[in-house]
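Below are the chains, spelled out letter by letter.
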Amino acid sequence: MQKVRKADLKAVTSSEKNAEISGVLTQDIAHLQKLFERCSDFVCREFQIGSSKAAIFYFDGMVKTETVNDEILRSLILETRMAKSEQTEKNRLTDFLEQHALTVGEIERVDTWAEALAALYVGDTLLLLDGCEEAFVLNSKGFPQRSVDKAGNEKVLRGPEEAFNETLRVNTALIRKRVKSYNLKMESLTLGVNTQTKVVLAYLEDVANPSIVAEAKKRLESLQGVKGIMESSGIEQMIEDNPQSVFPQIQYSERPDRVCQAMTEGRIAILVDGSPNVLIIPALLVQLLQSPDDYYNRAKAGTFMRFIRYIGIAVALLFPSLYVAITSYHPEMLPLNLLLSIAAAREGVPFPAFVEALLMALAFELLREASLRMPSAIGNTIGIVGALVIGEAAVSANLVAPQMIVVVSLTAIGSFTLPSIEASYPVRLLRFPLMILAAILGLYGVMLGVIAILIHLIKLKSFGYPYLAPLAPLSVSGAKDMFIRRSRKDVRQKVLFQQSPQYSVGRSLDGTKIIPE
Amino acid sequence: MEQKLSQNDLFTLIALLCHGGYFWVLPSFATKENGSMGILSMLLGAGTGLLILILAYRLSQKANGQPIFQYLGQIMPKPLAQVTALAIWSYLAIFLILCLAFFTEMMSSRLLVDTPRWLISGVLLFLIGRLAALGLVDITRFSFFALISLLFLMLMLILGNLPLFEIIQALPLVLENGAAFVDTWLQVSNAYAIVLCLLFILPRVKQEKKNLSWAASALVLSAVFLSVMTFLAMGVFGQDFSQTMFWMHLEQAKIIQLGPYLERVEAIYVILWMTVIFAASSILIYCTNHSLAQIIQRPLTVKMHWLLIFFFWLCCNYLGNMEKIILLLGYFNQIFFWLMIGGLLLAFFFAQRDRKASNL
């Protein structure tokens, strides 16, 4: 059974933290009933063991009823009846119960309310005995959970299909199943004052950089005062280096194979109870753009797909702004025939190219959002019909030129090549300011925008590691696998993040913000 | 722990400094009076740059990691050290202003005729200031991308011009006007003297053997590349026509054709060149601002950094046309360059004397 560790209990309210179990059953029952008054799912069952009074407590729905009935109650009531009377004497009762009566797999004794409550919250059953200042924590977890399913958001053509679900122990098991090593460590923390969410920090001790592990622990422990943690995204936004950035500095994955691969590269996984998305730190930009498929396919195919993806990203980010800049400011760059064709198509369109592009890009984002919120059966239909009907109607009504439909469609297709959703948001968001810059300053504006993004990326760090590594700073060995998918032997042996992380500094002794040298 | 730069980083920074500054106008300055012989003046100017690089390297070595102006304060009388530091700072500041003014002028006259100059230079300086504020390590990371752009652009220019190149047009190599040649040589020397920035970069580079060789090879390669491209321009346009051009490389970029689909790609060329300008200017701003902070013996605060950027922007806008830029360039060549050289030699002299004294 997962140990209820004192370190995990910091989030329990201070009044409960040090209070100890009194040993007077009526008092203890009253204490618990007061704590859980108006909690209809809280169950208290009193009974007799020999001459002693006892009671069990649990949350209905959080426990496996069979375990409570057969392995706890039946054992306690029936088995003890057959026991000799001296075995059930008060001073020997606890040992007898532990050694002979209780048939549950994992038992632990605790003596404070904080430990007892923490166990109750995770689906264990609490057994209290009159005259005993300790409580038995009996493993009876049986809360509802989803079975291991296929990965929905990170599909691959080849390779394993199972995905994490919302149950922490299922997720840790999926990792343990793949990494059969005593070096796989899983450190547990409890975060969230009200939610008491279990968080597990998983890493390979022989590969992971201890300073990243320490930093991750430090950042996670700083969240202990947070009221509630429901999902890994909540943690992600609170522990990343620059939460204001549009670029994600922590990767997440629902695929155990991807997480295990990351751990073999020296990265750390953060599993959060209740979340099917496992966080992976540190995360570099190149890693967000790679798909597990790259490695499941042959090297050449993987390289080709990677290039297609990079082109897709460039198209998704830059195509509309380049169209606006070239048609508005630098038409002389286009061959005459193309220029004439664009000019002819735009004849009668009342808006400048920028407004056209903005309208169509917004319409596309609206369609995408609408199709996401609709039931899946009609979501796709909405997308296709919406795009066709609106596009066709907009061209017929002379609101936009046909070329603009091509530009926006290619942009949309390009943005779908990104393997992870979190990496596609920056591209979708940054497209708009780039279009505005293109409308104001032409190609100069587009380049300024690109440079601004580049400067931001250069500044960005993920747990102290430069976000653009291994490109900037350049590491030839690290960059080997960036464009050209290397052979499995090379890739599987790479261990990143061995250098010490660099955390930002920028203040003088008197606290003034200074420019780093 | 302070992050140190590698020799690769040093190479990148020096190469970009050599290209980022006067790249667009240097061929025109060099060849205007001398024709193809101007290329020789470019190579000689690079030679002078090399001497300054060696001088800066030795001085920096003697400073042994401490800020250079602080070191000068220890080996020279205080007022003399201050004057030397100010001479070096004013050289850096005016070089920076000229670079920005040239680039703004080119953007304004060629690509964005209707856009106000203050907007062009404003957004440019804002982003350069942002990059410079991140420190030398991040500037170097950015410079890596700029170096890739630089290599790509040079290749594009050379390959794009080669089919039209006729060596006969670039010949003969005759020295007609000795005085003009010397004048050009000094002008080019002035441009390459920016490798003086090594004084502020070297303390951040890992102390390894061959640091000087890496920095020198960056300068030499830049000079060779620039000379090759200028010679190419002579062979493509002919000596007489080339001498009338001001933005020679821009004209070279204009004649590149990417198949039948894209023509007049000079816009793309200039736009991609922006990364080089960005990297070079941010190195310059880094050196200029940090050197001023050393002079006033205060840490470079964010406020001070942006105030200086604002000052550079004002100066850049004041030089509203080519006439004013050329006028400042004249002062720069005749006064500030010599002041800087004098300061550098004086500092070196005192450093040598200091070493001899400590040996005794």
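Numbers given for residues are sequential positions, taken from 1 along each chain in its written order. The order in which chains are written sets their letters, starting at A; the order in which ligands are written sets their numbers, starting at 1. In keeping with the model being predicted, local features are shown solely for residues with a pLDDT of at least 70 and side-chain atom pairs are shown and tallied solely at 80 or more, while totals for entire chains, interfaces and linings include all residues. Hydrogen atoms and water are omitted, and side-chain values are computed over all heavy atoms in the structure.

1. Considering the environment of S140(A)
All names here are of chain A.
- Secondary structure follows DSSP: runs of H or I at least 4 residues long count as helices, runs of E at least 2 residues long count as strands, and numbering of each begins at the N terminus. With respect to the helices and strands, S140 occurs in the loop between strand 5 (135–138) and helix 6 (168–178).
- Along the primary structure S140 and L388 are separated by 248 residues, whereas in three dimensions their C-alpha atoms are 55 Å apart.
- Any two residues having at least one pair of non-hydrogen atoms within 4.5 Å are treated as being in contact. Apart from residues no more than four positions distant in its own chain, S140 is found in contact with M62, V63, K64, T67, V68, I72, G123, D124 and T125.
- Only 3.1 Å separates the side chain of S140 from the backbone oxygen of G123, close enough to count as a polar contact. Here a polar contact is taken to be a pair of N or O atoms separated by no more than 3.5 Å, where protein atoms must pair a possible hydrogen donor with a possible acceptor and residues adjacent in sequence count only if both atoms sit in side chains.

2. Focus on the sheet that holds strand 8 (residues 251–253) of chain A
All names here are of chain A.
- Pairing is antiparallel across the open sheet formed by 5 strands, whose spatial order is 6-7-9-10-8. What marks the edges here is a single partner per strand, and that holds for strand 6 (184–191) and strand 8. Direction aside, the axes of adjacent strands within the sheet are offset by 25 degrees on average.
- Where strand 7 (residues 197–204) and strand 9 (residues 268–272) come together, 4 bridges link them in antiparallel fashion. Each residue of the ladder has a partner; that of V200, found in strand 9, is L271.
- In the packing of helix 7 (residues 210–221) onto the sheet, the strands contacted are strand 6, strand 7, strand 9 and strand 10 (278–281), and the crossing angle to strand 7 comes to about 175 degrees. Any two strands with at least two DSSP bridges between them are considered paired. What counts as an axis is a line fitted to C-alpha atoms, over the stretch in contact for a helix, and the angles between N-to-C directions run from 0 to 180 degrees.

3. Here's the deal with the interface of chain A and chain B
- The interface of chain A with chain B comprises 31 residues on the first partner and 44 residues on the second.
- In this description, buried area is defined as the sum, over both parts, of the accessible area (probe of 1.4 Å) that is lost when the two are combined. Taking both sides of the interface into account, the surface hidden between chain A and chain B amounts to around 3,500 Å²; carbon and sulfur atoms contribute 75%.
- Any Lys or Arg side-chain nitrogen located within 4 Å of an Asp or Glu carboxyl oxygen qualifies as a salt bridge. Here chain A and chain B share 0 salt bridges between them.
- Looking at the side of chain A that touches chain B element by element, the count peaks at 12 residues for helix 17 (residues 421–459) of chain A.

4. Here's the deal with the packing of aromatic side chains
- Note on ring pairs: Phe, Tyr and Trp rings are taken, using the six-membered ring of Trp, and paired if centres are within 6.5 Å. Classes follow the plane angle, with under 30 degrees stacked, over 60 edge-to-face and the rest tilted. Inspection of the entire model under this criterion finds 22 aromatic pairs over all chains.
- An angle of 65 degrees between the planes, with centres 6.1 Å apart, marks the rings of F95(B) and F332(B) as edge-to-face. Note that F95(B) is positioned in helix 5 (residues 78–111) and F332(B) in helix 16 (residues 322–359), a separation of 237 residues in sequence. Residues F95(B) and F332(B) agree in their burial class; the two are buried.
- What links up through ring pairs into an aromatic cluster is the set F36(A), F42(A), F57(A), F59(A) and Y121(A).
- Two conditions define a charge sitting above a ring: the NZ of Lys or the CZ of Arg must be within 6 Å of the ring centre, and it must be within 35 degrees of the ring normal. One cation-aromatic arrangement involves R219(A) over F463(A); the distance from NZ or CZ to the ring centre is 4.1 Å. To sort residues, take the accessible area from a 1.4 Å probe on protein chains only and compare it with the maximum for the residue type: under 20% means buried, over 50% means exposed, and anything in between is partly exposed.

5. A few points about the pattern of salt bridges
Residue and element names in this part refer to chain A.
- The final tally for this structure, using the stated rule, is 24 salt bridges over all chains.
- A salt bridge links E215 to K218, with the shortest nitrogen-to-oxygen separation between them at 3.7 Å. With E215 and K218 both in helix 7 and 3 residues apart, this pair spans about one turn of that helix.
- Using a relative accessible area of 12% as the deciding quantity, one classes E215 as buried.
- Of the charged contacts in the structure, one is a salt bridge between E356 and R346, with a shortest N-O distance of 2.7 Å. Here the residue E356 occupies a position in helix 14 (residues 353–373), and R346 occupies one in helix 13 (residues 336–346), the gap between them amounting to 10 residues.

Everything listed here is a matter of coordinates, which is why it stays silent on function.
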